[in-house]
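What follows is each chain in one-letter form.
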Number of protein chains: 2
Amino acid sequence: MATIDANPPSGTRDFLPADVSRRERAFATIRRVFGAHGFEPLDTPAFERLEVLTGKYGEEGDQLIFKILRRGEHEATGEADLALRYDLTVPLARVAARYGSQLPMPFKRYHVAPVWRADRPGKGRYREFFQCDVDTVGSDSLVADAATLHAVTDVLDQLGLSGFRVQLNSRKALHGLVEAYGVPEALEGSTLVALDKLDKIGLDRVAGELLERGVPSDAVDALAGDLAATDLVDRVRGRLERTDRGRAGLAEVDRVLELVGTVPGGDIAFAPVLARGLTYYTGPVFEVVHDGLDATIAGGGRYDGLIGMFQGQDVPATGGSLGIERILLLLERQDAGRRSGPDVLVTVLDEDGATDAMALAQRLRGQGFSTDLYVGGGKLGKQLKHADRRAARVALIRGADERAAGTVAVKHLASGEQTTVAEADLADHLARLLAD
Amino acid sequence: MATIDANPPSGTRDFLPADVSRRERAFATIRRVFGAHGFEPLDTPAFERLEVLTGKYGEEGDQLIFKILRRGEHEATGEADLALRYDLTVPLARVAARYGSQLPMPFKRYHVAPVWRADRPGKGRYREFFQCDVDTVGSDSLVADAATLHAVTDVLDQLGLSGFRVQLNSRKALHGLVEAYGVPEALEGSTLVALDKLDKIGLDRVAGELLERGVPSDAVDALAGDLAATDLVDRVRGRLERTDRGRAGLAEVDRVLELVGTVPGGDIAFAPVLARGLTYYTGPVFEVVHDGLDATIAGGGRYDGLIGMFQGQDVPATGGSLGIERILLLLERQDAGRRSGPDVLVTVLDEDGATDAMALAQRLRGQGFSTDLYVGGGKLGKQLKHADRRAARVALIRGADERAAGTVAVKHLASGEQTTVAEADLADHLARLLAD
C-alpha cells in the first residue's frame, strides 16, 4: 500500500487516552449536575436531512455545512441529501416538532455532543467540536431563565472553575437604553451591534462607528460619557427609569437577579451594554466570563422565536451553552502533571507464571483495584518501564520463588521501594500503599 | 415555512431522555470495567479522509460508506474528499501508524462511538449505530487474547447479563480440522464459510453446500456424523490430535482456556466449528452467546494482518467487540417499568413564592437531592401531573401559609400521602422517604 497521510482530517483531532479521560470526567460532571437540576439528556443523529439544516444559519453559516453525497445510483449526480449537524438548536427544534406531546412540558433538556462546521481551521478553532447546551422549551416565565443560570453556574462551580462572573442583561433593557440616549429607532440594531464590540475594539472605535452609522453626536457623547464612568451601572439605571421600555427591561433584569440570588463559586451582576451577538435573543441574555482566564466560558438567553421553526408558531424557549472546548482547555492546564493510571500493573515474568498472573489480576479487580496486566512479554525492566509510562502506582512481581512461597513482590513505583508480602495480606498492603 | 418532515433521517434514531439515560449508564459501566482492566480510552473524528477508508471493507462495504461532498468552490464538482467512519478498526490502524512511538506498547485501548453505514434500514438495523471495541496492539502473546476475554466477560457480568457462554476456537484448529476430515486445501476457505452457517441453516443444508462446493462425500459424511454426535468436542479433539496443524490449534485453544480460567457470570468452552465470518482472523476467535436471549452479544479474535495496514508491515493485534446495540436492547427489556426521575420536584405556586422555591431547590441540590423545579407556572394540579410524568419521587409545595410558618408540604407521589414538615427537618424527612 502506498504511504497514506495518517493525520486526522484537517481541523479535527484524535483524542489519545489522557485527553479522552479528561473529557469524559468533565462530561460526567456536566451530566450529573444538569440531571440534579431536573434537566434531561437528549441525543439526535449526527446528520439531518439537508433541508432541515439549510436556511437556518444565514448565508455564511450555510456554506459551512458538511453535506453528505447521495448514495448508490444517485452518487453520480453529485448531489447531497444529508448534512452533518451544525449546532444542537435546530435538532432540538425538530425534536420539539416531532415529539411535542410525548415530551413533558416545559421540556428541560441538555445535550452534549459534537457538531461539525467547515470553518477554516485555526488555533483553537476546529471543524469537529463539542457543544454543551441546556435549554427549556415551553415556558415564558423568568423562573426558567433563572433556573438556566442556576444550572450553568453550578456546573462551572463543580468543574472547579470558581471565580467566574455572570453578566446579565435583557434585550428589552438594551432597546430602552438606545431609546434613552436618543438613538433613532432605525439605528437601534446597528447601535447594538457596535456596542457589542466594546470589549474587543474599545470605546473610541465604538463611538467612531456609531457616528459613522449616523447616530447623532449628542447621543454618542452621552453614551461615551456614561461608558467611561465608574458608576456606569447607576447612570444607565437612571436613564432606563425614564422610559417605559427602559423600566420594563430593568424590571426583567432585576427579577432574574432576585430569582437567582447568590451564586456559589461566582457572582452575578447587571451588565447594561452586554448585547450578545446573536440577533435571535428576545429576553434576558447572559455571558459568563472568568477574569483570571480572560475568557467567556458560557452564554445564553431567551429566544422565543426559534424553537417553533418547524411548527409555524412561536414556542417560548430559554437556555445556555457552555464553551466546552474552551473549558476543557482550561481543565487541561489545571490537570498538567496529574497522572491517572491504573492502581496496579501485574507483570508476567514467564509462560509458567502467566495463568497465575492473570488470576491474580482478576482477584485484585474483584477487590476494587484497577489492574493492568502486561501482555507483551519480555524482561522485567521493560515491563517496569511500561508500568511507569502507564502511570501505574504499584507493580506486582511474582516469579517461581514467590509463587512457591505464596508471596508477591510489591514495587511502589514513585519511591522505587519493593516489599515482599504474603498473598493473603496483599489487598490490605495495597490499600495502605495507595491511600498515601 | 413549508411543513418539513420532522422525523430523523431514515435509519437513524432520536434518543429521548429515558433512552439516553439507559445508554449512558451502560457506557459508564463499560468505561469503568475496561479501565479497571488496564485498557485506555481512545477517540477519533467522526470522519476520515476518503482514501483512509476506501478499499478496506471490500466492494460491498465500500458502497455503504457515507461520503462528504467537497466544500466551497469545489462543491460543484460533486466529488467527495471525506467520509464518515465505517468502523473503529481502521481509525485504530491510522492512530497506530500516526502515534506509534507515543503510545505505550502493547497499546490496550477501548473505543465506544457511533459508526455510519448506508445499509438498507430494517428491524434492528441502523445507519447510525454504536460500536464498542476493545483491542490490544503490539502483542503476539496469547496472554493478550486471554486478557481480552477477561475484560469482555467482566463487562457483560457487570452489565447484569450473566448466564452467557463464551465459545472459543482458533483459526489454526479450524485449518487442522478441515485437514483432518480430508478436505482438499483449495476448499478450506469455502468449507469454513459453509461451517460458519451451521447455526443459521442447519446441518443438512451445510452438508449439501459442502458437496456442491466439491468437498468429497466421505469427508462430508465424517464431518456430518461428528457434528450430529453428542460427543462432538471429544470426537474433534481426537481428530485434531492426529495432525501437526490440528495439535498446534488445539494447544492454542487449551492455552487460552487455561489462562482465562473460570469466568464469573458465565462459562467458556472449546467450540470446534466456530469460524467467525470475517476472514481476517489469524489466531484464537470467540463469540459470546446468551441462550436465554438467543443472541450473539460479543465476538472477536486475533487479527495480526490488519492494524499494520498504514505501516506496510504486520502488527500483532487481538480484540473483541460488544454487540452494544443488541445489548442495549436487552437492557431496555430488563429496564421496562423502571422509572428514574429526580428525587424531588419543587412546585412554584405564585410569583411571590418563586424566589423562595428556587432557593429551596438550590439548598436541596446542595444536600445531594436531585431536584427539578417546575418552571411552567399554572395550577398545582398541573404541576403535580408534571411531577408524576417526570417520575419524581416527591413533590414539594410551599404556599404563602407554609412560607409564613417556615414549613413545607411534602407529597409522596407513589402513595399520594402528604405531610407538612418544618423546613429544618426537611432533609431528614426526604432522606427517610427516599430510602424506602
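Predicted model only: the values in this text are computed from it and were never measured.

(A) Geometry of the overall build of chain A. In terms of helices and strands, chain A carries 17 helices and 16 strands. Taken over C-alpha atoms, the radius of gyration comes to 29 Å for chain A, far larger than the 22 Å a tight globule of 436 residues would show. Overall, the C-alpha framework of chain A stretches about 95 × 60 × 45 Å when taken along its three principal axes. Every one of the 436 residues in chain A was classed for burial, and the buried ones make up 57%.

(B) Focus on the interface of chain B and chain A. Each partner contributes residues to the interface: chain B has 92 residues there, and chain A has 92 residues. Roughly 8,300 Å² is buried in total at the junction of chain B and chain A, and carbon and sulfur atoms are behind 60% of that figure. At the boundary of chain B and chain A, one finds 14 salt bridges. Linking arginine 31 of chain B and glutamate 24 of chain A is a salt bridge whose minimum nitrogen-to-oxygen distance equals 3.5 Å. Linking chain B with chain A are 44 residue pairs in polar contact (both at pLDDT 80 or more), by the criterion used here. The element contributing the most residues to the side of chain B that touches chain A is helix α1 (residues 17-36) of chain B, with seven residues. Per-class residue counts for the side of chain B that touches chain A are 45 nonpolar, 21 polar and 26 charged.

(C) Quick peek at the sheet that holds strand β16 (residues 418-422) of chain B. Residue and element names in this part refer to chain B. A sheet is described by the order of its strands in space; here five strands give the open sequence β13-β12-β14-β15-β16, paired in mixed fashion. Of all the strands in the sheet, the pair left with one neighbour each is β13 (371-373) and β16. Each adjacent strand pair in this sheet contributes to an overall mean axis angle of 30 degrees, direction not counted. Summarising the sheet, strand β14 (residues 394-397) and strand β15 (residues 407-412) pair through four bridges and their orientation is antiparallel. Directly across from valine 394, in β15, lies its bridge partner histidine 412. Sitting on the sheet, helix α14 (residues 351-366) is in contact with β12 (344-346), β13 and β14, with an inclination near 165 degrees to β13. Across the sheet, helix α17 (residues 426-435) is in contact with β12, β14, β15 and β16; its angle to β15 comes to roughly 5 degrees.

(D) Examining the packing of aromatic side chains more closely. In total, this model carries 14 aromatic pairs over all chains according to the counting rule given. Members of the aromatic cluster, connected to one another through ring pairs, are Phe34, Phe39 and Tyr110 of chain A. Above the ring of phenylalanine 39 of chain A, the side-chain terminus of lysine 108 of chain A is found at 4.8 Å from the ring centroid. Its end group placed over the ring of tyrosine 86 of chain B, arginine 117 of chain B keeps NZ or CZ at 4.0 Å from the ring centre.

(E) Just the pattern of salt bridges, in detail. One pass over the full model with this rule turns up 68 salt bridges over all chains. Between aspartate 14 of chain B and arginine 94 of chain A there is a salt bridge; the shortest N-O distance is 2.7 Å. Remark: arginine 94 of chain A occurs in helix α4 (residues 89-99) and aspartate 14 of chain B occurs in the segment before α1; the pair is interchain, linking two chains. Looking at aspartate 14 of chain B, the relative accessible area reads 9%, which means it is buried. Two residues, arginine 235 of chain A and aspartate 226 of chain A, come together in a salt bridge whose shortest N-O distance is 3.1 Å. Note on arginine 235 of chain A: relative accessible area 36%, which makes it partly exposed. For aspartate 226 of chain A, a relative accessible area of 2% corresponds to the buried category.

(F) Layout of the relation of the copies chain B and chain A. Each copy of the sequence occupies a distinct position, and chain B is placed on chain A by a rotation of 180 degrees and an axial shift of 0.0 Å, giving an RMSD of 0.1 Å. Those values place the two copies in the arrangement expected of a two-fold rotation axis. Within chain B, glycine 78 of chain B has its C-alpha nearest the rotation axis, a separation of 1.8 Å. Mapped onto chain A, 100% of the interface residues of chain B again fall at the interface, so both copies present the same surface.

(G) Just the domain arrangement of chain A, in detail. Each domain of chain A was delimited in the assignment, giving domain 1 (17-335) and domain 2 (344-435). Averaged C-alpha coordinates put domain 1 of chain A and domain 2 of chain A at centres separated by 51 Å.

(H) Examining the pairing of strand β11 (residues 317-322) of chain B more closely. Residue and element names in this part refer to chain B. Where burial is concerned, most of β11 is hidden: five out of the six residues are buried. Here six bridges tie strand β6 (residues 128-137) to β11, and the two strands are oriented antiparallel to one another. Of the residues in β11, the one forming a bridge with valine 134 is glycine 320.

(I) Fine view of the packing of helix α14 (residues 351-366) of chain A against helix α5 (residues 142-158) of chain B. Direction vectors running N to C along α14 of chain A and α5 of chain B enclose 25 degrees, while the axes themselves pass 11 Å from each other. Taken together, the axes of α14 of chain A and α5 of chain B are roughly parallel relative to one another. As α14 of chain A packs across α5 of chain B, the resulting crossing turns out to be right-handed. Residues Ala354, Met358, Gln362 and Arg365 of chain A of α14 of chain A form the contact with α5 of chain B, whose participating residues are Val143, Ala146, Ala147 and His150 of chain B.

(J) A look at the packing of helix α6 (residues 171-180) of chain B against helix α11 (residues 232-240) of chain B. All names here are of chain B. Contact pair α6 / α11: the axes reach a minimum separation of 9 Å and the direction vectors enclose 85 degrees. By the angle between their axes, α6 is roughly perpendicular relative to α11. Residues Ala173, Gly176, Leu177 and Ala180 of α6 lie in contact with α11, whose contacting residues are Val236, Arg239 and Leu240. Among the residues making up the contact of α6 with α11, the classes are represented as five nonpolar, one polar and one charged.

(K) Local environment of the sheet that holds strand β1 (residues 40-41) of chain A. Residues and elements named next belong to chain A. Read from one edge to the other, the open sheet built from eight strands follows the order β1-β5-β6-β11-β10-β9-β7-β8, with strand pairing classed as mixed. Edge positions in the open sheet fall to β1 and β8 (266-270), since each of these has one partner strand only. In this structure, strand β7 (residues 164-170) lies alongside strand β9 (residues 284-290), joined through six bridges in antiparallel fashion. Within the sheet, the bridge partner assigned to leucine 168 lies in β9 and is phenylalanine 286.

(L) Summary view of helix α17 (residues 426-435) of chain A. Residues and elements named next belong to chain A. Listed as buried for α17 are Leu426, His429, Leu430, Leu433 and Leu434. On an axial view of α17, the arc spanned by its buried residues comes to 125 degrees, and they lie on one face. Along α17, the residues that are exposed and aim more than 90 degrees away from the buried face are Asp428, Arg432 and Ala435. Next to the buried residues of α17 lie β12 (344-346), α14, β14 (394-397), β15 (407-412) and β16 (418-422).

(M) Structural view of the UniProt feature "binding site: L-histidine" (unreviewed entry) in chain A. Residues and elements named next belong to chain A. Under the feature "binding site: L-histidine" (unreviewed entry), the UniProt entry names Asp87, Leu88, Thr89, Arg117, Gln131, Asp135, Arg276, Tyr280 and Tyr281. As for its placement among the helices and strands, arginine 117 is situated in the loop between β5 (107-116) and β6 (128-137). The buried category is assigned to arginine 117, whose relative accessible area is 19%. Within the structure, the side chain of arginine 117 is placed 3.0 Å from the backbone oxygen of tyrosine 86, a separation counted as a polar contact. When you line up the elements, glutamine 131 lands in strand β6. Setting aside residues up to four positions removed in sequence, glutamine 131 forms contacts with Asp87, Leu88, His111, Val112, Ala113, Val115, Arg117 and Ile324. One polar contact links the side chain of glutamine 131 to the main-chain amide nitrogen of leucine 88, over a distance of 3.5 Å.

Conventions we followed
Residues numbered from 1 in each chain as written. Chains lettered and ligands numbered in written order. Predicted model: local features only at pLDDT ≥ 70, side-chain atom pairs only at ≥ 80, totals over all residues. Heavy atoms only, no water. Helix = DSSP H or I, 4+ residues; strand = E, 2+ residues; numbered from the N terminus. Rg over C-alpha atoms; globule rule 2.2 N^0.38 Å. Buried < 20%, exposed > 50% of the residue type's maximum accessible area, 1.4 Å probe, protein only. Contact = heavy atoms within 4.5 Å. Buried area = accessible area lost by both parts, 1.4 Å probe. Salt bridge = Lys/Arg side-chain N within 4 Å of Asp/Glu carboxyl O. Polar contact = N/O pair within 3.5 Å; in protein donor to acceptor, adjacent residues only side chain to side chain. Nonpolar A, V, L, I, M, F, W, Y, C, P; charged D, E, K, R; others polar. Pairing = 2+ DSSP bridges. Axes fitted to C-alpha atoms, helices over the stretch in contact; angles between N-to-C directions. Phe/Tyr/Trp six-rings, centres within 6.5 Å; stacked < 30°, edge-to-face > 60°. Lys NZ or Arg CZ within 6 Å of the ring centre and 35° of its normal. Least-squares fit on C-alpha atoms with pLDDT ≥ 70 in both. Domains from an automatic or database assignment. Parallel < 35°, antiparallel > 145°, perpendicular 65-115°, else oblique. Left-handed = near helix turned anticlockwise from the far one by under 90°. Arc of directions from axis to C-beta. UniProt positions renumbered as here; feature names shortened; annotations may be inferred.

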